[in-house]
Structures are given as structure tokens and as C-alpha cells.
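So you can see what is in the structure, the chains are spelled out below.
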Amino acid sequence: MYDVFIVGAGVVGCSVARELARYQLKIAVADKENDVSMGTSKANSGIVHAGFDAHTGTNKAIYNVLGARMFPELSRELDFPFRQNGALVLCFDESEKGKLYELLEQGQRNGVKGLSVIDGRAVREMEPNVANEVVAALYAETSGIVSPYEMTIALAENAATNGVEFLLGQEVKNIDRDGDGFKVKLGRKTVKAKIVVNCAGVYADEIYNKVVGEKKLEIISRKGEYCLLDKKCGGLCDKTLFQLPSAMGKGVLVAPTTHGNIIVGPTADDVPSKNDVDTTFNGLNNAFNTATKSVPSLARRNIITQFAGLRAHSTEGDFVIGESDVPNFYNVAGIESPGLTSAPAIAVDVAEEIAGKLQAVRKDNFISRRKGISCFAKMSDSEREELIKQNPLYGKIVCRCENVTEGEIVDSIRRPVGATDLDGVKRRTRAGMGRCQMGFCTPRIMEILSRELGKDMTEITKFGKKSNVALGRTDEKL
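My aim in this report is to walk through the structure given alongside it, one point at a time. Quick caveat, the model's predicted, so the values are computed rather than measured.

The rules we used
- Residues numbered from 1 in each chain as written.
- Predicted model: local features only at pLDDT ≥ 70, side-chain atom pairs only at ≥ 80, totals over all residues.
- Heavy atoms only, no water.
- Salt bridge = Lys/Arg side-chain N within 4 Å of Asp/Glu carboxyl O.
- Helix = DSSP H or I, 4+ residues; strand = E, 2+ residues; numbered from the N terminus.
- Buried < 20%, exposed > 50% of the residue type's maximum accessible area, 1.4 Å probe, protein only.
- Core = buried A, V, L, I, M, F, W, Y, C linked by side-chain atoms within 4.5 Å.
- Polar contact = N/O pair within 3.5 Å; in protein donor to acceptor, adjacent residues only side chain to side chain.
- Contact = heavy atoms within 4.5 Å.
- Axes fitted to C-alpha atoms, helices over the stretch in contact; angles between N-to-C directions.
- Parallel < 35°, antiparallel > 145°, perpendicular 65-115°, else oblique.
- Nonpolar A, V, L, I, M, F, W, Y, C, P; charged D, E, K, R; others polar.
- Pairing = 2+ DSSP bridges.
- Phe/Tyr/Trp six-rings, centres within 6.5 Å; stacked < 30°, edge-to-face > 60°.

1. Brief notes about the pattern of salt bridges
Summed over all chains, the structure comprises 37 salt bridges. With a shortest N-O distance of 2.9 Å, glutamate 336 and lysine 60 are connected by a salt bridge. Separated by 276 residues along the polypeptide, glutamate 336 in the loop between strand S20 (329-333) and helix H8 (339-357) and lysine 60 in helix H2 (residues 59-78) bring together distant segments of the chain. When sorted by exposure, glutamate 336 lands in the same class as lysine 60, which is buried. Notably, a salt bridge pairs lysine 192 with aspartate 178, separated by 3.7 Å at the nearest N-O pair.

Okay, here's the thing in C-alpha cells:
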């Protein structure tokens, strides 16, 4: 019997799990994928929003501002990449400058500090590559950038260190009432729980509607397509560059990543399928063309990869958070942008409410800090020499583009909630995220995974399920 059963191992589910792990509770997190951060949490802009976009008084506005304030300390505690780089909302027409002041006033009502409207000359002093057509911008100095999947992994590792059980690769098939609690049918077994927390992203409506027995929640899959540019373009901008937002979202941005690339996107298209993460010619083309309005010197030849992600848009227009009509069943649903920013603050409130309901006692031995994987590429020569003396595997470069060593890859596999496939290693170490996009290092990473996991090479996958890379072995005599 679990005290709390969390459905979904994205940034929201892992944040809730980590906060609940502060209490003496038996907690599980289940996800149908074979790793954490496999949905929206791995395919988004990676922006820590300041909090001026959301309408005052909404859950989005409240949790955005609270969450943004948590990031500096949280990133230090859990050792994930985060930088408070600031953001600019660009205005290209004098007649629209009033919208900047509307955003400024809304942000101030929401409690955002460090907001100001600046003219086009000041914008170009900050960002020399911004288009000459920019006449003004809203400057938000508290906006930041984060590696979303590394943040989620850090939360999961810390939760696991504090006793949370992760049931990965186990889809929730059904949830039935069982007295005051629930029976949760997974792919391979059925478990019992006193409380269920629904953090299932685009599938949150399906999970809740199964329990309540009618359609009470509707989540629309909103697809966003992105282009990622080579690190040599990293100097094109330092701030996150937005354009004035539309009804569909914050629009196409141009932003640096925490690892020195430039990201362009997203589009915003509602799609019928909750699995539709295919990129399209029109979507990518529109995203890139729109981005060049902000930074004309963007060049397509510098794109190293393209991808799409889905946002969980609730038809209610706001985050759906709290105990539902079904007692002891909590929804944390419709967590679209600024969901990444809001997740830590949402988790605090949800965990406190659940802990109060269960009359849970706080642990005296909660481990709040987590140390990430040593990054060989960022070390000095003396630090590298010392690390290689301790572990010779750090002297073997596997990914040349990103200077990732065998030592880092082995660590990524052996850690709590460790990597079990190529993409899992990639998200934890950046092996394969460089210019060649795994063109050269794939066979060696597969060999390491095979050795560490005790699996045959033909069993190694790209992202679980049936994504096997090697289909068989060639005859050695040929």
C-alpha cells in the first residue's frame, strides 16, 4: 500500500515526488515511458519566465512568480544548469508600444520585480544582433534559462535518494476506488494507494475521466516545433528574445540555451493526437522565418537538429490544481507554459496539502542536496588530471563534439533512476547533442550500455519500446 501514487514522471510529477519525500510516506511515481522527462518536460523552450504574461490572479500567474523565485536556490541544491539571463519582449511598431506597458503593469500586479520598457536603441545596446525595426521592448531582468530535462532528472534522483520508488515503463491502465483509496492497475501489476496525484501531462484528462466515470476534464495537445542551432551561433543573443504574444501563446522566441546553443521556436498548433510529435516543413519554416524578424542574421545552415513537443492545454484556460470531485484524487493538470517555471511552487502547495491530510511527519534525515555528473568539458586541465587519476574512464573521450567521457556515461547509467538507453545517456551527459547528433559516438555508447546493463547489443534502444538500433548480428565470416 502506497501512501501517495503519482501518475507521470515529468517535471511536475518529479517536483511533487521530491516535496512529498520530505515526509515519512511511502511514495511511488509511475510513467508509461522507460525514463523520466519523456514528454513535455524534455521538449520545450527551457525558459524560466518572469511572470508578466499570465493574467493576474490566475494559478498561472501566482505559481509562475513563486516558482521563478525558487530557481536560484533550487538549482544550487540539485546542481542542474540554470542562468538568470533576462528577457526582452520586442515591439516592431510604434502603434503597439502600448501593449508593452500593459504587460509591464500586469507583471507589476503579479509581483514581478525588475520590469521596465526600454527604447530600440537600448535594446540594440543589450543585443547588437536584434533587428533594426525594433522600436521598443519590455525588459524582464529576472527571466532565466534552464535545462528542463536535466532539472527533471535532478528532481527524480533526489526523490529516489529520499526513498521514492519509480515505476518506469509501466502504463496506468485503470484506477478504481477501493474504500477511501484506490487500486491502480499497471501494465504488469496492480497496486493500492491512499492518495493518487494526476501529473500525466497531455494524458491527464484520460486518467481523471477514467476515475470519475465521465468527461470532466479536457486537455488539448498543442504542438510546438523548434530548431536548435550550433554552439558557434551562441553569441547571437544573450537575453531571451520574445515577440509580442498572441492568444495561442508567447510566440516564437530566440534564446540561448544553458549549454551555449541557440533555440528557435515554438509554433503553436492544436493537434488531435496526444502522440503527434512529428516535425513538419511548414511548422519549422514558419518558426524560423518568424525568428529572423527578431534576429535577421540567423542562418538555416547552422541548424543541427529539429524537434517538436506537446503542451497540455486545458480548455479551462488555467492550471487545474487540487483535490478533485473524487476524494483523495488530486489533479495537477493543464500545466502548459509557464508550467516548467511553476512546477517547484505547485509541488510545495500540493505536497503540504497531502501531507496535512495524511497527518504525515517530516523527516529528520531528508537529503536536500544532489551532486550532478562531473562535466569533463568544463574542467580545467588540472581538474581533469586529478579526475583521471581517480577513475581512468574519464580519460576516454566517447563524444568528441561535446567532449563527453566514458566515466560520465557510466555514471549516468549507475545513478539513481539511471539511463537505460541512448537518449537517456544523451539527456544526462550531452553525449550526442553536438554537431554530428550521435553520428559517430552511437556504437561506443551502445557498447557501454550493453556492458553496464548486462544486455546484448541488439537489446539496446534509442528511447525504449521498439526503438532498437541493432536488429541482429552479421556473420563474422562475411
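So, next bit.
2. Here we look at the nonpolar core
Within the largest apolar cluster, 50 residues are counted, with the highest numbers of intra-cluster contacts made by Ile6 and Val197. Among the elements of the structure, strand S1 (2-7), helix H1 (11-20), strand S2 (27-31), H2, helix H5 (148-161), strand S12 (190-198), S20 and H8 are those that each provide at least two residues to this core. Per-element accounting of this core gives the leading share, nine residues, to H8. By size, the runner-up hydrophobic cluster in this structure holds 31 residues, among which are Val191, Ala193, Val211 and Leu310.

3. Some remarks on the side chain of aspartate 318
Mapped onto the elements, aspartate 318 comes out in the loop between strand S18 (303-314) and strand S19 (320-323). Only 2.9 Å separates the side chain of aspartate 318 from the backbone nitrogen of asparagine 59, close enough to count as a polar contact. Not counting chain neighbours up to four residues away, the residues in contact with aspartate 318 comprise Thr58, Asn59, Lys60 and Gly334.

4. Observations concerning the packing of H2 against H8
Here H2 crosses H8 at 95°, and the two axes come no closer than 6 Å. One element, H2, and the other, H8, form an angle in the roughly perpendicular class. For the pair formed by H2 and H8, the contact residues are Lys60, Tyr63, Asn64, Leu66, Gly67, Ala68, Met70, Phe71 and Leu74 on the first element and Leu340, Thr341, Ser342, Pro344, Ala345, Ile346, Val348 and Asp349 on the second. Class assignment of the residues belonging to the contact of H2 with H8 gives a composition of eleven nonpolar, four polar and two charged.

5. Remarks on the sheet that holds strand S3 (residues 47-48)
Strand order across the open sheet formed by three strands is S3-S8-S4, with antiparallel pairing between neighbours. Edge positions in the sheet fall to S3 and strand S4 (82-83), since each of these pairs with one other strand and no more. Sheet topology places S3 next to strand S8 (residues 144-146); two bridges connect them, and they run antiparallel. The residue of S8 that forms the bridge with valine 48 is glycine 144.

6. What about the packing of aromatic side chains?
Going through the model one piece at a time under the given rule, you end up with six aromatic pairs. When the ring of tyrosine 226 is compared with that of phenylalanine 307, the centres are 4.9 Å apart and the planes differ by 15°; the resulting orientation is stacked. Remark: phenylalanine 307 occurs in strand S18 and tyrosine 226 occurs in strand S13 (residues 219-229); sequence separation between them is 81 residues. Among the aromatic residues, ring-to-ring pairing joins Phe71, Phe80 and Phe82 into one connected group.

7. Structural notes on the pairing of S20
Every regular strand shows the same layout, with side chains that alternate between the two sheet faces. With five of five residues buried, S20 lies mostly within the body of the structure. Here S12 runs beside S20; their pairing, made up of three bridges, is parallel. Note that in S20 the partner of valine 197 across the bridge is tyrosine 330. Sheet topology places S19 next to S20; four bridges connect them, and they run antiparallel. Its bridge partner lying in S20, glycine 322 is registered against asparagine 331.

8. Some points on the environment of alanine 360
With respect to the helices and strands, the residue alanine 360 is situated in the loop between H8 and helix H9 (381-390). For the pair alanine 360 and glutamine 24, spaced 336 residues apart in sequence, the C-alpha to C-alpha distance is 6.2 Å. Not counting chain neighbours up to four residues away, the residues in contact with alanine 360 comprise Tyr23, Leu25 and Ala355.

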